[in-house]
Amino acid sequence: VIPKPTTGAQADLARGLEMLRDMVGPVNDPERRDEIPLMILRVASSSFSRAALFLVTDGEFVGLGGFGLDPNGRDPGKALRDTHIPLDADTVLASPLREKRSVRVPFFESEWNRYLADRLGGPVPTECYVAPVFASRHVEAVLYGDNAPDGRALGDTQVLELFLTQAGAAMERASLEKRLAIQAGLGELA
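Here is what the cut-offs are and how they apply
- Within each chain, residue numbers correspond to sequence positions counted from 1 in written order.
- For a predicted model such as this one, the threshold for reporting local features is a pLDDT of at least 70, and the threshold for listing and counting side-chain atom pairs is 80 or more; totals across whole chains, interfaces and linings nevertheless cover every residue.
- Hydrogens and water are ignored here; the side-chain numbers use all heavy atoms of the structure.
- Remark: exposure states derive from per-residue accessible area (1.4 Å probe, protein chains only) relative to the maximum for the residue type, with buried under 20%, exposed over 50%, and partly exposed in between.
- Elements are defined by DSSP. Helices are runs of H or I of four residues or more, strands are runs of E of two residues or more, and each kind is numbered from the N terminus.
- This arc is built from the directions going out from the helix axis to the C-beta atoms.
- Any two residues whose heavy atoms approach within 4.5 Å are treated as being in contact.
- Here a polar contact means two N or O atoms within 3.5 Å. Within protein one must be a hydrogen donor candidate and the other an acceptor candidate, and residues neighboring in sequence count only if both atoms are side-chain atoms.
- Here, a salt bridge means any Lys or Arg side-chain nitrogen found within 4 Å of an Asp or Glu carboxyl oxygen.
- Strands were regarded as paired on the criterion that DSSP finds at least two bridges between them.
- Angles here are taken between N-to-C directions and fall from 0 to 180 degrees, while the axes themselves are lines fitted to C-alpha atoms, restricted in helices to the stretch in contact.
- Nonpolar cores are built from buried Ala, Val, Leu, Ile, Met, Phe, Trp, Tyr and Cys residues. Side-chain atoms within 4.5 Å join them into one set.

**Here we look at helix α5 (residues 111-120)**
In step 1: Buried within α5 we find Asn-113, Leu-116, Ala-117, Arg-119 and Leu-120. On an axial view of α5, the arc spanned by its buried residues comes to 160 degrees, and they lie on one face.
In step 2: Buried residues along α5 sit against β1 (50-56), α3 (76-81), β3 (84-86) and β6 (138-146).
In step 3: Looking one or two residues past α5, Gly-121 carries a phi angle of roughly 75 degrees, positive in sign.

Listed below in structure tokens is the structure:
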């Protein structure tokens, strides 16, 4: 039982921990693994007014989903899914790949950050939060978040980071189960 908080920060932490408790069970449910990106975005919505999740492929970041997007009259989901940024581009998305951890970084001026800002729509942030989602020692996805639409400062992200660890472990288990199933199927053919 979480004690009744006495300050706004304590109340936010209590809400975050309650959400974490509610989300950890479903993220570990094998039948709900396809929902992990949506769960990540749901937890991120408690910290940010705008966020996007990018899949990390062999050579690029590919937009997967998000919220709070306003891509200048375009369909926000389609605009994000059509977003492709090279992994080696000079962009805030590359920060967690270099650092191997979540980071808060200034939204610096570069060609690829201008492209990202256009795809997100709305105001350009001064600072953003970018976090890797690790699965099997590699980065499976990158979460981007900011509060530019409402102008709030970035807040505490501890609960989100705990959830990202759980989500990455669940993604790793799903990948392992898939490989084992493929191997078992190949073994039957031999």
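**Considerations on the side chain of Asp-146**
In step 1: Mapping Asp-146 onto the fold places it in strand β6.
In step 2: Accessibility expressed as a relative area gives 0% for Asp-146, which makes it buried.
In step 3: A distance of 2.5 Å separates a polar atom in the side chain of Asp-146 from a polar atom in the side chain of Tyr-144.
In step 4: Of note is the side chain of Asp-146, whose polar atom sits 3.1 Å from the backbone nitrogen of Ala-148.

**A short note on the environment of Ser-95**
In step 1: Residue placement: Ser-95 occurs in helix α4 (residues 95-99).
In step 2: Accessibility expressed as a relative area gives 4% for Ser-95, which makes it buried.
In step 3: Residues Ser-95 and Val-130 lie 35 residues apart in sequence; the distance between their C-alpha atoms is 7.3 Å.
In step 4: Leave out the neighbours within four places in its chain, and Ser-95 touches Val-103 and Val-105.

**Remarks on the pattern of salt bridges**
In step 1: Taken as a whole, this structure holds 6 salt bridges when the rule is applied.
In step 2: A salt bridge links Asp-82 to Lys-78; the nearest nitrogen and oxygen atoms lie 2.8 Å apart.
In step 3: For Lys-78, a relative accessible area of 45% corresponds to the partly exposed category.

**Description of the sheet that holds β6**
In step 1: With antiparallel pairing, 6 strands are arranged side by side in an open sheet as β3-β2-β1-β6-β5-β4. Of all strands in the sheet, those with a lone pairing partner are β3 and β4 (103-106), marking the two edges. The average undirected angle you get between the axes of adjacent strands in this sheet is 30 degrees.
In step 2: Where helix α2 (residues 36-44) meets the sheet, it contacts β1, β2 (60-67), β5 (127-135) and β6, and its direction lies at approximately 150 degrees from that of β1.
In step 3: Lying over the sheet, α5 contacts β1, β3 and β6, oriented at roughly 165 degrees with respect to β3.

**Structural notes on unusual backbone geometry**
In step 1: Even without glycine at this site, Lys-100 takes up a positive phi of about 65 degrees.
In step 2: In this structure, Lys-100 sits in the loop between α4 and β4.
In step 3: According to the relative accessible area criterion, Lys-100 is exposed, its value standing at 56%.

**Let's talk about the nonpolar core**
In step 1: Residues Ile-40, Ala-44, Tyr-129, Leu-143, Leu-160 and Leu-164 are the most contacted members of the largest nonpolar core, which totals 23 residues.
In step 2: Elements that contribute at least two residues to this core include exactly α2, β1, β5, β6 and α6 (158-189).
In step 3: Setting aside its immediate chain neighbours within four residues, Tyr-129 contacts Phe-48, Ser-102, Val-103, Arg-104, Leu-143, Tyr-144, Gly-145, Leu-154, Thr-157, Leu-160, Glu-161 and Leu-164.
In step 4: The next biggest cluster of nonpolar side chains, apart from the first, holds 21 residues, and it includes Phe-54, Val-56, Leu-116 and Tyr-144.

**A look at the environment of Gly-73**
In step 1: Structurally, the position occupied by Gly-73 is in the loop between β2 and α3.
In step 2: Take Gly-73: its relative accessible area is 80%, and that puts it in the exposed class.
In step 3: Sequence spacing of Gly-73 and Gly-121 is 48 residues, and the spatial spacing of their C-alpha atoms is 9.0 Å.

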